[in-house]
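Each chain, written out:
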Amino acid sequence: MSRWKGLPEELDPRVRQLVVRLRRGKDHSGLSLRGLAAKTGYSASSWERYLAGRSLPPREAVEAMARLGGDDPTRLLALHEVAAEAWGTAAEHRGPPAGPGTGTPRPHGRALRITLIAGSVALVLAVAAAVLLAVRLTDGEGRAAAAPPTTSAAAQPPGSPQQSERERPTYTCRAERIDGLWYAGNSRTRKAILAKGHAGPEVAEAQCLLREAGLTPGAVDGIFGPHTQRAVKDLQKRSGLVVDGIIGPHTWKALRQ
């Protein structure tokens, strides 16, 4: 198995999942970058950028990797579609390139239109907010003096002290072995893709199984935080998997065995 360099920390988790699957496909194919270039029609330098997370591969390149690496093309193309959406959003925040030699001129007319529209919307919102504030001050002056405002527990973010304990999901670990596999009673998934920032019963299931494996994912709260990510990496290292901190089908297999 290749020893891959770590991906950039700022890389979107959806793009990270795609790159990890492409790396696994390359490992499975046994091809070098030049070999991939010869088989796919995309240059070795292009594949180097794709597999380092510096550039998003085109759909055809992903489909070719699925064929060479023995991966499910439908699943891999679905991951590519999600990653392309995330990549496009990040590109909008970065803005278009400018200056000589970039190959893409700045769309001045479009940028100007967007700026004018954004300014108009901001002005309308500011006027509406001022009118609404004046109406509220006039209508509720007496009531504001009579009773101080209270903070609703429903308006608080999950985990805040004001939120009712009944609103927070609770999870328990009831580990049992069924048909040679371990289950903890929160989810029976074996293919869900989980990464840092995800939450839900699938995360709680993974946390329980990490504990059964002798690792320390932190509290079983269904939240994929840094402690859970570190425990996942420890399991992947122990099992000889790609150490990326992302739970996919291979990591689920290691968790349930």
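As a reminder, the structure under discussion sits directly above these lines.
The model shown is predicted, which means the values in this text are computed figures rather than measured ones.

Engineer: Could you clarify how one ought to interpret the overall build of the protein in this entry?
Structural biologist: Helix and strand content of the protein: ten helices and two strands. Overall, the protein shows an N-to-C arrangement of helices and strands of α-α-α-α-α-α-α-β-β-α-α-α. Within the protein, buried positions represent 31% of all 257 residues. Long-range contacts, defined here as pairs at least 24 residues apart, represent 48% of the contacts in the protein between residues at least 6 apart. Surface accessibility of the protein: about 16200 Å² in total, with carbon and sulfur atoms responsible for 56%.

Engineer: Where do I start with a nonpolar patch on the surface in this structure?
Structural biologist: Taken together, the side chains of Ile-117, Val-121 and Leu-125 present a nonpolar region at the surface, about 290 Å² in accessible area. Checked against the element boundaries, Val-121 lands in helix α6 (residues 108-139).

Engineer: It is not clear to me how helix α2 (residues 33-40) should be interpreted in this structure. Could you clarify?
Structural biologist: Each full turn of the α-helix corresponds to 3.6 residues, which orients residues three or four apart in the same direction. Of all the residues in α2, the buried ones are Gly-35, Leu-36 and Thr-40. One side of α2 carries all its buried residues, which in axial view fall inside an arc of 115 degrees. For α2, the exposed residues lying more than 90 degrees away from the buried face are Arg-34 and Ala-38. If you follow the buried residues of α2, they end up packed against α1 (13-29), α3 (44-52) and α4 (59-69). Gly-41 sits one or two residues past α2 and shows a positive phi near 90 degrees.

Engineer: What am I meant to see in the side chain of His-80 here?
Structural biologist: Checked against the element boundaries, His-80 lands in helix α5 (residues 73-94). Of the polar contacts made by the side chain of His-80, one reaches the backbone oxygen of Pro-57; its length is 2.8 Å. Excluding residues that lie within four positions of it along the chain, His-80 makes contacts with Leu-18, Leu-56, Pro-57, Pro-58, Arg-59 and Val-62.

So, how was this worked out
Residues numbered from 1 in each chain as written. Predicted model: local features only at pLDDT ≥ 70, side-chain atom pairs only at ≥ 80, totals over all residues. Heavy atoms only, no water. Helix = DSSP H or I, 4+ residues; strand = E, 2+ residues; numbered from the N terminus. Buried < 20%, exposed > 50% of the residue type's maximum accessible area, 1.4 Å probe, protein only. Contact = heavy atoms within 4.5 Å. Areas by Shrake-Rupley, 256 points an atom, 1.4 Å probe, with all protein chains shown as cover. Patch = residues over 30% accessible without salt bridge, like charges linked within 9 Å, V, L, I, M, F, W, Y side chains within 5 Å. Salt bridge = Lys/Arg side-chain N within 4 Å of Asp/Glu carboxyl O. Arc of directions from axis to C-beta. Polar contact = N/O pair within 3.5 Å; in protein donor to acceptor, adjacent residues only side chain to side chain.

Everything listed is a geometric property; what it means functionally is a separate question.
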